[in-house]
Amino acid sequence: QAKAAGRNQLCFFDPVTQAALAERAVLEADLRVALRNTQFELHLQAQVTHLGALTGAEVLLRWRHPVRGWVSPAQFIPLAEQTGLIVPLGEWVLQQACFQLALWAEQPRMAGLTLAVNVSAHQFRQKGFLETVQNLLSRSGAPAHRLKLELTESALVDDVEAVIALMGELKQLGVKLSLDDFGTGYSSLAYLKRLPLKQLKIDQSFVRDLLNEPNARAIAHAILQLGESLGLQVIAEGVETEAQRSLLVEMGCLAFQGYLFSPPLPLADFIQLTRDWPSRPRLPAPGPAKVL
Ligand code: C2E
Ligand code: MG
Ligand code: MG
Ligand code: MG
């Protein structure tokens with residue numbers, strides 16, 4: 001029958017493609033159920049300063065599938081984006097984060113911490129995104145300035161003026177904006193200057209190759225200098241080794257995230273981490289104060 005269907009449709013009979021499509025359909029159905037039954041959980045990964053102080057955490061979504069076990073966001077986020085499910089899912093994550101921030105505001109040890117929430121391009125460009133954030137902030141009572149939204153360059157490409165206006169309104173609310181995976185997208189520097197951003201996030205691919213690839217090092221360095229000249233904070237993600245950390249400190253990096261400090265943790269474990277933090281012996285000592 002493949003032949004009868006014509007050349008262009010031969011790919012539909014490719015057993016590999018077919019299996020992948022079937023797999024995708026099953027996962028999509030499961031994703032809808034997961035949303036109804038709340039099979040998702042927020043994990044939190046510490047963000048720290050060059051001196052080792054804890055400043056907050058990035059929220060990383062986890063899906064506990066009843067049969068498959070933990071499913072990685074690298075698998076289900078793209079699917080959620082393609083199916084539009086990212087909108088209700090992303091709203092759920094934001095809601096959880098806001099209510100957490102409101103609880104923390106009452107607790108001296110937690111009150112100063114920020115939560116960074118990933119926002120998909122599709123979600124960001126959805127009509128009513130601003131109102132959703134506004135509503136969640138007021139319903140929860142979360143302090144807006146403790147909420148950070150991580151956007152990727154793909155969220156910012158379409159209608160430049162509309163994007164800048166939306167970002168400006170979010171900033172008005174007090175919400176901080178960070179540009180995730182920076183260096184891997186296509187934003188022009190002229191454009192970047194106009195965006196009301198607080199932070200650039202050096203993509204982990206550059207951090208990973210920092211010590212063995214001169215190009216990765218050059219890019220990380222350039223991003224740090226760009227941040228400095230534009231008045232933006234720069235955070236390095238995916239920091240796994242002390243060698244990476246100290247090289248980044250030498251290049252002027254003041255904020256860090258990665259397995260070196262902590263993996264993403266379930267909420268209860270993250271709260272325990274904040275208890276233990278000041279006395280943790282494996283906290284890397286601040287390097288010599290070097291100014292580049
Ligand atoms: P991302 O926002 O760039 O998050 C960083 C990813 O790097 C996370 O993967 C994190 O667990 C991982 N990571 C952290 N430290 C290290 C390290 O030292 N070394 C290495 N190799 N990796 C590290 P994860 O949790 O699998 O999330 C993958 C991506 O899924 C995220 O990339 C983000 O784009 C997306 N994502 C996660 N949660 C959400 C969410 O709630 N909403 C949306 N829209 N996207 C999300
Ligand atoms: Mg992120
Ligand atoms: Mg990233
Ligand atoms: Mg990423």
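Residues numbered from 1 in each chain as written. Chains lettered and ligands numbered in written order. Predicted model: local features only at pLDDT ≥ 70, side-chain atom pairs only at ≥ 80, totals over all residues. Heavy atoms only, no water.

Going by what an unreviewed UniProt entry lists, the protein is known as Sensor protein FixL and is assigned to Roseateles oligotrophus.

A. Inspection of the environment of I219 at higher detail. The topology assignment puts I219 in helix α9 (residues 214–230). Judged by its relative accessible area of 33%, I219 is partly exposed. In the structure, I219 is positioned 17 residues away from I202 in sequence and 9.0 Å away in space, judged by C-alpha atoms. (Helix = DSSP H or I, 4+ residues; strand = E, 2+ residues; numbered from the N terminus. Buried < 20%, exposed > 50% of the residue type's maximum accessible area, 1.4 Å probe, protein only.)

B. Broad picture of the pairing of strand β8 (residues 233–236). By the bridge criterion, 4 bridges tie strand β7 (residues 199–202) to β8 in an arrangement that is parallel. Bridging across to β8, K201 finds its partner in I235. For β8 and strand β9 (residues 255–256), the ladder comprises 2 bridges, and the chain directions are parallel. Residue pairing in the sheet places A236 in a bridge with F256 of β9. Taken together, β8, helix α10 (residues 242–250) and β9 form a β-α-β motif whose crossover is right-handed. (Pairing = 2+ DSSP bridges. Right-handed = clockwise from strand over helix to strand, strands pointing away.)

C. Layout of the environment of L179. As for its position among the elements, L179 is in strand β6 (residues 176–182). A relative accessible area of 0% places L179 in the buried class.

D. Structural view of the nonpolar core. Within the largest apolar cluster, 86 residues are counted, with the highest numbers of intra-cluster contacts made by F124, L248 and F270. With 11 residues, the single largest contributor to this core is helix α3 (residues 86–104). Excluding its chain neighbours within four sequence positions, the residues that come into contact with L248 are I202, V207, L210, L224, A236, V239, C253 and F256. (Core = buried A, V, L, I, M, F, W, Y, C linked by side-chain atoms within 4.5 Å. Contact = heavy atoms within 4.5 Å.)

E. Representation of the layout of surface pockets within the structure. The space that makes up the largest pocket amounts to roughly 1000 Å³. Around the largest pocket, the lining is made up of 38 residues, and of these E58, L60, P73, N118 and D180 lie nearest the centre. Secondary-structure elements contributing two or more residues to the lining of the largest pocket are β2 (54–65), α2 (73–83), α3, β4 (114–118), α4 (121–125), β6 and α8 (204–208). Class assignment for the residues of the lining of the largest pocket results in 15 nonpolar, 14 polar and 9 charged. (1 Å grid on protein atoms, 1.4 Å probe; cavity = no way out; pocket = protein on both sides within 12 Å on 5 of 7 lines; lining within 4 Å. Points joined across faces, edges and corners; volume = space filled by probe spheres on them. Nonpolar A, V, L, I, M, F, W, Y, C, P; charged D, E, K, R; others polar.)

F. Fine view of the site of ligand 1. Around ligand 1, the surrounding shell holds 21 residues, and the nearest of these are Q45, R62, Q204, E240 and Y259. At 2.9 Å, a side-chain N or O of S120 approaches a nitrogen atom of ligand 1. Here D180 contributes a side-chain N or O atom positioned 2.9 Å from an oxygen atom of ligand 1. Relative to its free-state accessible area of 800 Å², ligand 1 is covered by the protein chains to the extent of 83%. Placement of ligand 1 is best described as lying within the largest pocket. At the level of secondary structure, the elements contributing two or more residues to the shell around ligand 1 comprise β2, α2, α3 and β6. Ranked by residue count, the leading element in the shell around ligand 1 is β2, at 4 residues. (Near = heavy atom within 4 Å. Polar contact = N/O pair within 3.5 Å; in protein donor to acceptor, adjacent residues only side chain to side chain. Areas by Shrake-Rupley, 256 points an atom, 1.4 Å probe, with all protein chains shown as cover. Sits in = over half its atoms within 2 Å of the grid points.)

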